[in-house]
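Architecture at a glance
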Amino acid sequence: MNTTQARRQMEEILAGDRPFGDCDYIRQRARLHYRHRLLLLKEHSKGAHLLLTAQEDACGDRHHQVLGDPAVRVATDTWLSAVRGGRGLPWPEEELDTVLETAAAQGLRATVPPLAEGAADLVRLHEAAGTWVWSEPRAEVDPLGEFFRRVFSASFEGLTLTNPEGRLCETLLRGAELLHELCPMLAPSALSHVHLVVVAGKELSSGPASPGFASLTHPRIPGVIFLSAAVLGDAWQAAEYLLHEAMHVKFTDLEHTHSLLDEDYDAAASPLIRPHWNRARPEAGEGWPLDRALTVSHVYTTLALFHSTVAARHEELADRYGPITGADPARQARRSFDRAQYLLHRLGRHTERLGAGGRLFLRWLGGINEAFDPSPAPEGAYAHLVLDLYEREADTIRRALSRPDAGRADEDAADLRSAARQEISGCLAVLAATGEPSGQGHELQDQDRVLTELESSGASFRDSAEAFLRTRNLVLRALGPVPPAAFLSPVPHRPEETVAEMVRAMVEESGRRLGALLER
């Protein structure tokens, strides 16, 4: 997708197509959805009745501010789910009623969203968006703010709300400005679904070994995106993560207003789709349920456009926003298209688990990718996704092995050499199975002899680490040029197995060995 016209056309579709792109249409449907939920709740809640009455004379923007407010939506969804399911409430009815009553009163007099009214200093993300940024301090009497804190604590163990100041806040706002510069139609469309941006951090008590996060949304906290300081290194990074999470929030609104999933759908019983570009983790299960795969395919389709635009315009914008950092944007665009296409193909195998809206949504996203992806992989191909993980892991391993506290024992050096030789063996077997010519075969064999010599001499950890990283580079150079279709070929003498499965097994085994070593 190298032309300005193609990028503009793709952006117009993602930002304005009805029913899945047009933000005004989706917001109107969301307003009706929450009005209906309040009608169902009003016999149980004085606050719900007052809020409905207050909204009768409100204009469209005010409807969006109040009925889209995160505190209002969480209180409404939580209470109605308990009523319908006959379950207990996680918070007292009095607190939920207070949230709705307060929102009703503020809706009559205030010009800012109910949850935002408690902020001492209201920070808006961008002049073209109604999104605001969580900040402290807040008002002494702040029922909605206190409720949101409780919801946050219950939802994200080990994280804490922070007050982005100075450089962090500046980078966040510049990221929003850059996003509007790069995607003038898509940015306001996506961010119109986001009411609040929270910069969150780790609690001190969670300890240095606890896992961090980059960015996230929570399906039970609609309208909010949560970012870590780690993704606010510069405006380019901030713009990417704002768009990424905004599209997840937009998808949540689509889920609330369209029949994306079968009415009996249960994520716990859903077929799983394995994202081969992520390292498999026991605690994460064997893959993503269909609803997760749907929202991620939506995000990756959007990121393909974003990175394609960055690739075309970063030099032009460098004077204003600084140079880009991280991966090459053209490669990021290719990676995003590859992941979206893979997920869409896999989702196409399970259309009976989707609702009528979900099948239309899948067809819509598939059409966008088919029209604008300049070089899609063959349907069913995934070895290129596994090799993408392999390449990214090489960088992670390089950083981990260079740390001052990295292992230095003879046992660690021996394990590195053994892992490298296993990867050479696996790569040579893959090359033989594909029948593709490769000039790297001799280099791999030479490297295997080097590793044997290092083993005989009891080489140091540093020399073994350097040999391991060189091995990874040789494997990538050997397998990178192999056409994706070649990996779909059956393995000679094992027709039930494809070459892609050999690649996956090689990368997974290597990851297990290296993971155990790096965790020592």
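A look at the packing of aromatic side chains
Going through the model one piece at a time under the given rule, you end up with 13 aromatic pairs. Their ring planes at 75 degrees and their centres at 5.4 Å tell us that Trp91 and Phe147 sit as a pair that is edge-to-face. Of the two residues, Trp91 sits in the loop between helix H5 (70–85) and helix H6 (93–109) while Phe147 sits in helix H7 (residues 143–155), which places them 56 residues apart along the sequence. Note on Trp277 and Trp288: the rings are 6.0 Å apart at their centroids and 70 degrees apart in plane angle, and the pair reads as edge-to-face. Separated by 11 residues along the polypeptide, Trp277 in the loop between helix H10 (235–257) and helix H11 (290–321) and Trp288 in the loop between H10 and H11 bring together distant segments of the chain.

What about the pattern of salt bridges?
Under the counting rule described, the total for this entry stands at 28 salt bridges. Of the charged contacts in the structure, one is a salt bridge between Arg149 and Glu146, with a shortest N-O distance of 2.8 Å. One end of the pair, Arg149, and the other, Glu146, are both in helix H7, three residues apart, so they sit about a helical turn from each other. With a shortest N-O distance of 2.8 Å, Asp373 and Arg334 are connected by a salt bridge. Of the two residues, Asp373 is situated in the loop between helix H13 (356–372) and helix H14 (383–401) and Arg334 in helix H12 (residues 329–347); the sequence distance between them amounts to 39 residues. Among the charged side chains, a salt-bridge network with shared partners connects Glu181, Arg313, Glu316 and Arg320.

Overview of the packing of helix H16 (residues 441–457) against helix H17 (residues 461–479)
In the contact formed by H16 and H17, the axes pass within 10 Å of each other and the chain directions differ by 165 degrees. Judged on the interaxial angle alone, H17 and H16 are roughly antiparallel. Between H16 and H17 the crossing geometry is left-handed. In contact with Glu443, Leu444, Gln447, Leu451 and Leu454 of H16, H17 contributes Asp463, Ala467, Arg470, Thr471, Leu474, Val475, Arg477 and Ala478.

Quick word on the side chain of Thr471
With respect to the helices and strands, Thr471 occurs in helix H17. What Thr471 contacts, discounting residues up to four positions off in sequence, is Ala420, Ile424, Gln447 and Leu451.

A short note on the pairing of strand E6 (residues 224–228)
Taken across its five residues, E6 has five buried, putting it largely inside the fold. Neither face of E6 is open: one carries Val224, Phe226 and Ser228, the other Ile225 and Leu227, and all of them are buried.

Concerning the nonpolar core
Counting residues in hydrophobic clusters, the biggest one holds 116 residues, and the most contacted among them are Leu172, Leu242, Leu343, Phe361 and Phe487. Leu343 has contacts with Ile273, Trp277, Trp288, Ala293, Val296, Ser297 and Tyr300, leaving out every residue within four places of it along the chain.

Overview of unusual backbone geometry
Of note, the amide linkage connecting Arg18 to Pro19 takes the cis form, showing an omega dihedral of 15 degrees. Looking at where Pro19 falls in the secondary structure, it is placed in the loop between helix H1 (4–16) and helix H2 (23–41). The step from Glu136 to Pro137 runs through a cis peptide bond, and the omega angle for that step is 5 degrees. With respect to the helices and strands, Pro137 occurs in the loop between strand E2 (132–133) and H7. For His493, which is not glycine, the phi dihedral falls at a positive 70 degrees.

Thoughts on the confidence of the model for the chain
Residue-level pLDDT values for the chain average 90, and 94% of them are 70 or greater. Predicted confidence for residues 206–210 stays below pLDDT 50, and this span has four contacts to residues more than four positions away or in other chains.

Some remarks on the environment of Tyr241
Residue position: Tyr241 is located in helix H10. Sequence separation between Tyr241 and Leu303 is 62 residues; the distance between their C-alpha atoms is 9.7 Å. Apart from the residues lying within four places of it in its own chain, the contact partners of Tyr241 are Ala214, Ser215, Leu227 and Val231.

Parameters and conventions
- Residues numbered from 1 in each chain as written.
- Predicted model: local features only at pLDDT ≥ 70, side-chain atom pairs only at ≥ 80, totals over all residues.
- Heavy atoms only, no water.
- Phe/Tyr/Trp six-rings, centres within 6.5 Å; stacked < 30°, edge-to-face > 60°.
- Helix = DSSP H or I, 4+ residues; strand = E, 2+ residues; numbered from the N terminus.
- Salt bridge = Lys/Arg side-chain N within 4 Å of Asp/Glu carboxyl O.
- Axes fitted to C-alpha atoms, helices over the stretch in contact; angles between N-to-C directions.
- Parallel < 35°, antiparallel > 145°, perpendicular 65-115°, else oblique.
- Left-handed = near helix turned anticlockwise from the far one by under 90°.
- Contact = heavy atoms within 4.5 Å.
- Buried < 20%, exposed > 50% of the residue type's maximum accessible area, 1.4 Å probe, protein only.
- Core = buried A, V, L, I, M, F, W, Y, C linked by side-chain atoms within 4.5 Å.
- pLDDT = per-residue confidence, 0-100.

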